[in-house]
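Descriptive analysis of the structure
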Number of protein chains: 2
Amino acid sequence: MPAQWPTADDGAGRAPLTVVDRIKQYILVNRLSPGDPMPTEHELSDQLAVSRSRIREAMKTLSALDIVEVRHGYGTFVGTLSLTGLAESLAFRGMLTSHRDKHFLADLIDLRELLEIDWAPLIVERLDAGTIAAMRALATTMVDLAAQGREFPVEDRQFHQLLVSTSGNALVGQLLDVFWQVHSLVSETLGPASLLPETAQAHHAILDAIETGSAAALEAAIREHYQPIRERMLRSTAGTAD
Amino acid sequence: MPAQWPTADDGAGRAPLTVVDRIKQYILVNRLSPGDPMPTEHELSDQLAVSRSRIREAMKTLSALDIVEVRHGYGTFVGTLSLTGLAESLAFRGMLTSHRDKHFLADLIDLRELLEIDWAPLIVERLDAGTIAAMRALATTMVDLAAQGREFPVEDRQFHQLLVSTSGNALVGQLLDVFWQVHSLVSETLGPASLLPETAQAHHAILDAIETGSAAALEAAIREHYQPIRERMLRSTAGTAD
DNA sequence: CTGGATTTGTGCGTATGTATG
DNA sequence: ACATACATACGCACAAATCCA
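One numbering rule holds for all chains: residues counted from 1, following each sequence as written. As they are written, the chains are lettered A onward and the ligands numbered 1 onward, keeping that order. Selection of residues for local features in this predicted model requires a pLDDT of at least 70, selection of side-chain atom pairs for listing and counting requires 80 or more, and totals for whole chains, interfaces and linings are taken over all residues. Where side-chain values are given, they derive from all heavy atoms of the structure, hydrogens and water being excluded.

Section: the overall build of chain A
Using the following cut-off: Each helix corresponds to a stretch of at least 4 residues labelled H or I by DSSP, and each strand to a stretch of at least 2 residues labelled E; elements are numbered beginning at the N terminus. The globule rule used here is 2.2 Å times the number of residues to the 0.38 power, and the radius of gyration it is set against is calculated over C-alpha atoms. Should any heavy atoms of two residues lie within 4.5 Å, those residues are counted as being in contact. The sign given to each residue is positive for Lys and Arg and negative for Asp and Glu; His and the chain ends receive no count. Where a charge lies is defined by one atom per residue type, namely NZ (Lys), CZ (Arg), CG (Asp) and CD (Glu).
Along the backbone of chain A there are 11 helices and 2 strands. For chain A, the N- to C-terminal ordering of α and β elements is α-α-α-β-β-α-α-α-α-α-α-α-α. For chain A, the C-alpha radius of gyration of 23 Å lies well beyond 18 Å, the compact-globule estimate for 242 residues. Principal-axis analysis of the C-alpha atoms gives chain A an extent of 60 × 50 × 35 Å. For chain A, restricting intrachain contacts to residue pairs at least 6 apart in sequence, the fraction spanning at least 24 positions comes to 67%. For chain A, the distance from the average position of its 21 positive side-chain charges to the average position of its 32 negative side-chain charges is 6 Å.

Side note on the domain arrangement of chain A
Often the size quoted for an interface is simply the accessible area lost on bringing the parts together. Rule in force here: The domain boundaries here were taken from an automatic or database domain assignment.
Split into domains, chain A comes out as domain 1 (19–78) and domain 2 (84–241). Computed over C-alpha atoms, the centres of domain 1 of chain A and domain 2 of chain A are 36 Å apart.

A short note on the protein's contact with DNA strand C
How we decide: Consider each residue's heavy atoms; a residue with any of them within 4 Å of a molecule or strand counts as near. Residues adjacent in sequence count toward polar contacts only when both atoms are side-chain atoms; beyond that, a polar contact is any pair of N or O atoms within 3.5 Å, and within protein one must be able to donate a hydrogen and the other to accept it.
Not every one of the 19 residues close to DNA strand C is listed here, only the nearest: Arg-54 of chain A together with Glu-41, Arg-52, Arg-56 and Gly-73 of chain B. Here a base oxygen of DNA strand C and a side-chain polar atom of His-72 of chain B are 3.3 Å apart. Looking at the surface near DNA strand C, the elements that each hand over two or more residues are helix H3 (52–64) of chain A together with helix H3 (52–64), strand E1 (68–71) and strand E2 (75–78) of chain B. The element best represented in the surface near DNA strand C is H3 of chain A, accounting for 3 residues.

Topic: the interface of chain A and chain B
Applied cut-off: Two parts placed together each lose some accessible area; with a 1.4 Å probe, that loss summed over both constitutes the buried area. Counted as salt bridges are all cases of a side-chain nitrogen of Lys or Arg within 4 Å of a carboxyl oxygen of Asp or Glu.
Of the residues lining the interface, 45 residues belong to chain A; the matching set on chain B comes to 46 residues. For the pairing of chain A and chain B, the buried interface totals around 4300 Å² over both sides, and the portion due to carbon and sulfur atoms is 65%. When the buried area of chain A at its contact with chain B is split by residue, Phe-92, Arg-93 and Leu-171 of chain A rank highest and sum to 15% of it. Counting the contacts that link chain A with chain B gives 4 salt bridges. A salt bridge links Arg-56 of chain B to Glu-57 of chain A, with the shortest nitrogen-to-oxygen separation between them at 3.0 Å. Counting across the interface, chain A meets chain B through 14 residue pairs in polar contact (both at pLDDT 80 or more). Where the side of chain A that touches chain B is concerned, the elements lending two or more residues are helix H1 (19–29), H3, helix H4 (84–97), helix H5 (103–118) and helix H9 (170–188) of chain A. No other element matches H4 of chain A, which puts 9 residues into the side of chain A that touches chain B.

Description of the pattern of salt bridges
If the charged atoms of two oppositely charged side chains come close together, the side chains can form a pair. Summed over all chains, the structure comprises 21 salt bridges over all chains. Between Glu-88 of chain B and Lys-24 of chain A there is a salt bridge, and its shortest N-O distance comes to 3.0 Å. Residue Glu-88 of chain B is found in helix H4 (residues 84–97), and its partner Lys-24 of chain A is found in helix H1; the two belong to separate chains.

Regarding the relation of the copies chain A and chain B
Heads up, the rule is: For the least-squares superposition of copies, only C-alpha atoms count, and only for residues with pLDDT at least 70 in both.
Superposing chain A onto chain B takes a rotation of 180 degrees combined with a translation of 0.0 Å along the rotation axis, leaving an RMSD of 0.1 Å. Here the copies are linked by what is in effect a two-fold axis. Comparing interface residues between copies, 100% of those in chain A also lie at the interface in chain B; the contact surface is shared.

What about the pairing of strand E1 (residues 68–71) of chain A?
Residues and elements named next belong to chain A. To keep things clear, this is the line we draw: Here, strands pair whenever DSSP counts at least two bridges between them.
Pairing geometry for E1 and strand E2 (residues 75–78), over 4 bridges, is antiparallel. By the bridge assignment for E2, Val-70 is matched with Thr-76. Hairpin connection of E1 to E2: 3 residues between the antiparallel strands, including Gly-73 at a positive phi of 70 degrees.

Notes on the protein's contact with DNA strand D
How we decide: We call Asp, Glu, Lys and Arg charged. Ala, Val, Leu, Ile, Met, Phe, Trp, Tyr, Cys and Pro are nonpolar, and the rest, Gly among them, are polar.
Near DNA strand D you find 18 residues, and of these Arg-56 and Thr-76 of chain A together with Ser-51, Arg-54 and His-72 of chain B are the closest. Of everything in DNA strand D that lies within 4 Å of the protein, sugar and phosphate atoms constitute 79%. Between Ser-51 of chain B and DNA strand D, the recorded distance is 3.0 Å, taken from a side-chain N or O atom to a phosphate oxygen. Of all elements in the fold, only E1 and E2 of chain A together with H3 of chain B reach the threshold of two or more residues within the surface near DNA strand D. For the surface near DNA strand D, the leading source of residues is H3 of chain B, giving 3 residues. Its residues assigned to classes, the surface near DNA strand D comprises 4 nonpolar, 9 polar and 5 charged.

Notes on the packing of aromatic side chains
All names here are of chain A. For clarity, the threshold we go by: By convention, a stacked pair of Phe, Tyr or Trp rings (six-membered ring in the case of Trp) has centres within 6.5 Å and planes under 30 degrees apart, an edge-to-face pair has planes over 60 apart, and any other such pair is tilted. Placement of a charge over a ring requires the Lys NZ or Arg CZ to be within 6 Å of the ring centre, with the centre-to-atom vector within 35 degrees of the ring normal.
As enumerated under the stated definition, the model contains 4 aromatic pairs over all chains in all. Aromatic side chains Tyr-74 and Phe-77 sit 5.6 Å apart centroid to centroid with 45 degrees between the ring planes, which places their arrangement in the tilted category. Positioned above the aromatic ring of Phe-77 is the side chain of Arg-71, whose terminal nitrogen or guanidinium carbon lies 4.4 Å from the ring centre.

As C-alpha cells, this is what we get:
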C-alpha cells in the first residue's frame, strides 16, 4: 500500500496547513502506530515540498510532544504519546514561579492527594495480594534507606504507580506519575529533604489500611502520607523569603 | 543589569548541557517572567556559540511547551507556561487511538467527572451569586441553541471553567480545561453530536443542585450531566467497528 | 502613509557525527 | 574495517512580518 501524503490546502477550510499539521495528518491517514518508522527527513522534504530545515523544525515540535521520536543516525519513528512534554513544562513552571508563587507546589500536592483518594474504594476492593507484597517490600526498603539518612525516589515513585494501577484508568496513572516527577524535581530546589523516616513509614501505614479493607482508613492514611510533605514545603517557602 | 549567560559545561555534572537547557537556564538565572522579551535569535546564536539553525530548533521545542512564545517579525518572549502542549499531545493520542482503543475517551470523561465531583462540597459552599447568575445565563443560551439543533461549545466550556473556579486550585482548572478541549476535538471525529437538549438541560440541573446547598445533590447532577456524553461515545464506537 | 530598520521565517549547500549491516 | 544511510550542524542569502519614526 503506497503512503498517502496530505496536501497543503485542506479541502474546505482554505487556511493552508502547517508543516507540523501535515506530518500529523500523514501519521493519521496512514494509520501508523507508536514505534512505526517515519519517512526520512529527505523524503518528507520532497513529498511535502519544503526544505529540510522546516522539516527538522517541525520534527523538533513533534518530538517535544512525543508525537515522533528521533533516533540519531538511525531514523524517525512514531512516538509513544507519553506525557513527557507535560512533565517538562510543569517542572519549568515550578522552577520559575516557586520563588514568588507558592501556590504551584501546594496545588500539585493537593491534586496528587485528591486523585489517589478518589480511587481508595477501588483499591481496597481490588488490589491483589501480589501487588501488596511488592509494595510492602518497597516500603521496607524506604524505611531502611531513611534510617541511613538516604532518600528513596525510585521506590517512592514505584509505590505510587502500583497504588493507582488498580484504577484501570491509564490516563490518571500517567498523570500522577508526571506529578510525581514534577514534585520531585521542584522540591529539590527547596533544599535537602526532611522528615524522611516519617515519610517512609507512612507507606507502611497505607498498606496496613488497605489490609483492613476500609476505604475510609485508606483515605486517612493517604492524607497522613502527604502531611510531612506539606510541612516541608511550608517550612522551605518560609525560609526562602526573597 | 547585564544578562547572565549559562555555559555549556554545567559545573559538577560534566555532561554538556543541551541548547534547550541552556536557554531555560538563561530564563531562570535572569529571573524572567512570562511576557518578558528574550534575546534575538542572532544574539542567542552569538552568546551560546551555536548556529542560528540550532537556536531555532531549540526555540521550536520550547515554544511547543509554551516556555517561549515566538512572534514573527517582532521577537521572542517568555511564554505563559500554559498546558497547550498537553492539549495537542492528548488530542493527537485520541485521534490516533480512538479507532482501536476506546479506553482513552472513557478515561478522559471519567477523569473530568471525578475532578468536578471532588470539588462539589466546596462549590456548594463558596460559589457566589454573581457566578451562579453568569452560569445560569450560559445554561439558558445552551438550551436555546440546542432547541435550534445547534451545538454550544463556547458556552459549555465557559460553564465548566466557572464551575471549578471556586476550587482555588489553578492547576486543576487548567487541566480540566485541557481535558475539555481534547474531548471536544476527539468527539468531533465520532460523527455529529447527539442528545443536545438533554446535555444542555443538565447544566440547569447542576445549578439547581448548587442552589439547594447539598453537595450530594450536586454530585448526582454532575454524574447525570456526563451520562448522555457517555452514551453518545458508546454508540459511536459501536457504530464504527472497523 | 511611507520608508527603513529589526526580527523571525524559509531555502539550500556542504560538511560532520553516528548507527546499522 | 568498510560502506551506506541517516541525523546533526553550520553559514549564508533572501522573503515576510512587525514596529516605529
